[in-house]
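# Observations on chain architecture
Spelled out from the first residue to the last, the chains are:
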Amino acid sequence: MTPQEILKKHWGYSAFKPLQKEAIEAALSGRDCLVVLPTGGGKSLCYQLPAAMGKGLVLVVSPLIALMDDQVAAAREAGLAADALHSNLKVAPKREVYKNLADGTTQLLYVSPERLLAGDLFDLIAERLILAAVDEAHCVSHWGHEFRPEYRRLTEALDRFPKAARMALTATATPAVQRDILAQLALRSPELLIGHPDRPNLIYRAFPRRDQIKQVLETVRRHPGEGGIVYAQTRKDVERLAASLKKEGVSSAPYHAGLNAEDRRKAQDDFVNERLDVVVATIAFGMGIDRSNVRYVIHANTPRSVEHYQQESGRAGRDGLPAECTLLFSASDLATHRWLAKKDIYITAERARALDNQLKDIGRYAVSPVCRHGLLVEHFGAPYPADGVPHGEEGCGACDVCLGETKGLPPEEAILTAKKVLSAAWRAEGRYGTGYVVNLLLGRPNDRMTANGHDQLKVFGLLQEAGEPAVRSWIDQLIVQDYLEVTEESEYPLLRITQAGRDLCQDKGEVRLGLPVQAAKGKKKSKALRNAAPGFTESDEALFEKLRAVRRALADKAGIAPYVVCQDTTLLEIAAVKPATPEALLDIKGMGEKRVKKYGALFLDVLAGKNPAVE
Ligand code: ADP
Ligand code: ZN
């Protein structure tokens, strides 16, 4: 069978996604390759399909033990003989895995790096191994943000399989990280398969934070009954937000490193198995989450870097259906990150400088009134749009700027506004905090201001019309553009104009200022589903929900996650197309032969208006 035929038979797909075919061909011809594809790009198929060809064993090294069992389950659903070896495995199943290996029946084997480095597998698999795939390959790099020392030793292990092709895969890799991967894994004249990092199905928004819970709820309310993740900076933030959401009747739970292991495990399990809609979490949550129908990710605080943002927001919409990513920005979050880093006794001066640059980058991302898709993609060194043809008036159509929810001030107005804010800070001589400067610009006197005679200044009340949220946001925007700085030399953070700021007041330099003009529209349930499947009606949507319920029951019974049974996209297509026979079901994307055999009859019953019992 050809790879194309295997794709249809096992996975029920009739076309490859970009670069999948190239990766599979490289593997089958024994050539090394590096695959960089965004989340949802279909990386797993690149090594799973060669395993399904029946030509030998494929080994997958993955650092995420929590995900391995899910991936094994998903591969088995596609009809592969898949196993995993990691430290959480009990004795009996482990014996089974070794027996399969000895019998030569295993097609796909997941291992943790430690497990592979232990060495006892080498002789058992060397003969049959055609491909060694290293997933999350950015972990070899110091530049990546999840450096794993044991990944650096993988080459020792890979060298034991000289005949097997090597495939390194990752979602996030700047050019520096790519070079590191090639060198550290000693890829031999590798083929470079670098996809475009854009995620067109994600709608990115970045707004100044004004009322955290209110802004979070705006997004949550658009997605009743759908999965979402809310990231917050500290445990306290997490607890507070989770409590507020609960009070509002949202199915939600907190998740952070301070909770006991049992509570964390429950939150994660409930979320993955769709018994829970929303998890409010610190970044400790997410590494082990492969739920593919997460419809939104909200950052209630500013993340630490653009890389973190890309990775965390990337957990939305893995299934390719529309999803939202909203970031609520405040410059004070950046100060908190700096403060938290300072408490870390291991931080070197070099690392602190790097952190500073990362914070500036994420700040710029959040406040520039520029297409967010473009900003993100360019950060990772790729052109935007991918084909180089500039978008028209409507822009990407999938970010707050292009949707007209955030407007950039015209250049003359931006510079004029910036000068007003800067001169207020200048007049305050760096002796006061942000609040003082805000009050000065809004014309709200207090005793100290009067004593200083600042209420007599020309800048007093100069931005009264604009209102407090705008003025605060402009100050933040000027901070990330280095025209203002927050100093922490005294007990309180003080706002001070920089040399660049003084230059700008003398018309030397350029500035960009933006302003949110309207809240993201739509109180009702998102139209995501309908947009994804044209002609999708309300009754189709009801059908989709019924199919979802049956899927959940099937998953519960089998002890696997619902998305492992099959993806939302597959259920959507079934609800829209309404196939009447098992043969017709085979034409649905994602319904391979094994799935049709296992679940086909139940799905057809739902379509026929019956209420099938899952037993
Ligand atoms: P990644 O690991 O790159 O984030 P996955 O391997 O999880 O991506 O795949 C993302 C989704 O795309 C999965 O739902 C998968 O079933 C689906 N997929 C993979 N290959 C194809 C294809 N050729 N056609 C349609 N869907 C695909
Ligand atoms: Zn845009």
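Residues numbered from 1 in each chain as written. Chains lettered and ligands numbered in written order. Predicted model: local features only at pLDDT ≥ 70, side-chain atom pairs only at ≥ 80, totals over all residues. Heavy atoms only, no water.

## Re the overall build of the chain
Each helix and strand counted, the chain has 27 helices and 17 strands in total. Scaling as 2.2 N^0.38, a compact globule of 615 residues should have a C-alpha radius of gyration of about 25 Å, and the chain matches this with 27 Å. Principal-axis analysis of the C-alpha atoms gives the chain an extent of 85 × 60 × 50 Å. Surface accessibility of the chain: about 27300 Å² in total, with carbon and sulfur atoms responsible for 52%. Charged side chains of the chain number 82 positive and 79 negative; the gap between the two group centres comes to 2 Å. (Helix = DSSP H or I, 4+ residues; strand = E, 2+ residues; numbered from the N terminus. Rg over C-alpha atoms; globule rule 2.2 N^0.38 Å. Areas by Shrake-Rupley, 256 points an atom, 1.4 Å probe, with all protein chains shown as cover. Lys, Arg positive; Asp, Glu negative; His and termini not counted. Charge placed at Lys NZ, Arg CZ, Asp CG, Glu CD.)

## Details of the sheet that holds strand 4 (residues 108-111)
The strand order 3-4-2-5-6-1-7 describes an open sheet built from seven strands, whose pairing is parallel. Of all the strands in the sheet, the pair left with one neighbour each is strand 3 (82-85) and strand 7 (191-194). Sheet twist, expressed as the average angle between the axes of neighbouring strands with direction ignored, equals 15°. Relative to strand 5 (residues 129-134), strand 2 (residues 57-61) runs parallel, the two sharing five bridges. By the bridge assignment, Leu59 is partnered in strand 5 with Ala132. Running at roughly 170° to strand 3, helix 4 (residues 65-77) makes contact with strand 3 and strand 4 of the sheet. Of the strands in this sheet, strand 2, strand 3 and strand 4 are in contact with helix 5 (residues 91-103), which crosses strand 3 at around 125°. (Pairing = 2+ DSSP bridges. Axes fitted to C-alpha atoms, helices over the stretch in contact; angles between N-to-C directions. Contact = heavy atoms within 4.5 Å.)

## Description of helix 20 (residues 468-480)
In a regular helix each residue adds 1.5 Å, so 13 residues correspond to 18 Å; helix 20 covers 19 Å between its end C-alpha atoms and thus fits that length. The buried fraction of helix 20 is high, at ten of 13 residues. Those residues of helix 20 lying buried are Ala470, Val471, Ser473, Trp474, Ile475, Asp476, Gln477, Leu478, Ile479 and Val480. One or two residues past the end of helix 20 sits Asp482, with phi positive at roughly 70°. (Expected span 1.5 Å × (residues − 1). Buried < 20%, exposed > 50% of the residue type's maximum accessible area, 1.4 Å probe, protein only.)

## A look at the coordination of the zinc ion (ligand 2)
Within the protein, the zinc ion (ligand 2) binds to Cys371 (SG), Cys396 (SG), Cys399 (SG) and Cys402 (SG); these donor distances fall in the range 2.3 to 2.4 Å. For the zinc ion (ligand 2), the four donor atoms are set out with angles of 103 to 117° between them, so the coordination reads as tetrahedral. All donors to the zinc ion (ligand 2) come from one chain, and their sequence spacing reads C-x24-C-x2-C-x2-C. With a gap of 25 residues between them, Cys371 in the loop between helix 15 (349-367) and helix 16 (372-379) and Cys396 in the loop between helix 16 and strand 14 (406-408) connect regions that are remote in the sequence. (Donors = N, O, S within 2.8 Å, 3.2 Å for Na, K, Ca; no water. Tetrahedral: all angles 85-135°; square planar, octahedral: opposite > 155°, others 65-115°.)

## With respect to the pattern of salt bridges
Oppositely charged side chains may form a pair once their charged atoms are brought near each other. Counted by the stated rule, this structure contains 39 salt bridges. For Glu405, the salt bridge is made with Arg205, and the minimal N-O distance between the two is 2.7 Å. Of this pair, Glu405 sits in the loop between helix 16 and strand 14 while Arg205 sits in strand 8 (residues 202-208), placing them 200 residues apart in sequence. Assessed through its relative accessible area of 4%, Glu405 is described here as buried. Here the salt bridges share partners, and the residues they tie into one network are Glu274, Glu545, Arg548, Arg551 and Asp568. (Salt bridge = Lys/Arg side-chain N within 4 Å of Asp/Glu carboxyl O.)

## Re the environment of Asp32
If you trace the backbone, Asp32 turns up in the loop between helix 2 (20-28) and strand 1 (33-36). The exposure class assigned to Asp32 is buried, which follows from its relative accessible area of 2%. Between the alpha carbons of Asp32 and Ile283 there is a distance of 33 Å; along the sequence they are 251 residues apart. Not counting the four nearest positions on each side in its chain, Asp32 is found in contact with Ala165, Arg166, Ala186, Leu187, Arg188, Ser189, Pro190 and Glu191. Within the structure, the side chain of Asp32 is placed 2.8 Å from the backbone nitrogen of Arg166, a separation counted as a polar contact. A distance of 2.7 Å separates a polar atom in the side chain of Asp32 from the backbone nitrogen of Arg188. (Polar contact = N/O pair within 3.5 Å; in protein donor to acceptor, adjacent residues only side chain to side chain.)

## A few points about the site of ligand 1
What surrounds ligand 1 is a group of 14 residues, the closest being Tyr13, Ala15, Gly40, Lys43 and Ser44. In the environment of ligand 1, a nitrogen atom lies 2.9 Å from a nitrogen or oxygen atom belonging to the side chain of Gln20. Take Gly40: an N or O atom from its main chain is 2.6 Å from an oxygen atom of ligand 1. Its free accessible area being 570 Å², ligand 1 has 83% of it covered by the protein chains. (Near = heavy atom within 4 Å.)

## Concerning the domain arrangement of the chain
Annotation of the chain at the domain level lists domain 1 (3-194), domain 2 (202-405), domain 3 (411-512) and domain 4 (525-607). For domain 2 and domain 3, the distance between their C-alpha centres works out to 29 Å. Contact residues are listed per partner, giving 14 residues for domain 2 and nine residues for domain 3. Summing both partners gives a buried area of about 920 Å² for domain 2 against domain 3, and 67% of it is carried by carbon and sulfur. Considering only the side of domain 2, the residues that lose the most area to domain 3 are Ala331, Lys360 and Val367, jointly responsible for 37% of the buried surface there. Where domain 2 touches domain 3, the interface holds one salt bridge. (Domains from an automatic or database assignment. Buried area = accessible area lost by both parts, 1.4 Å probe.)

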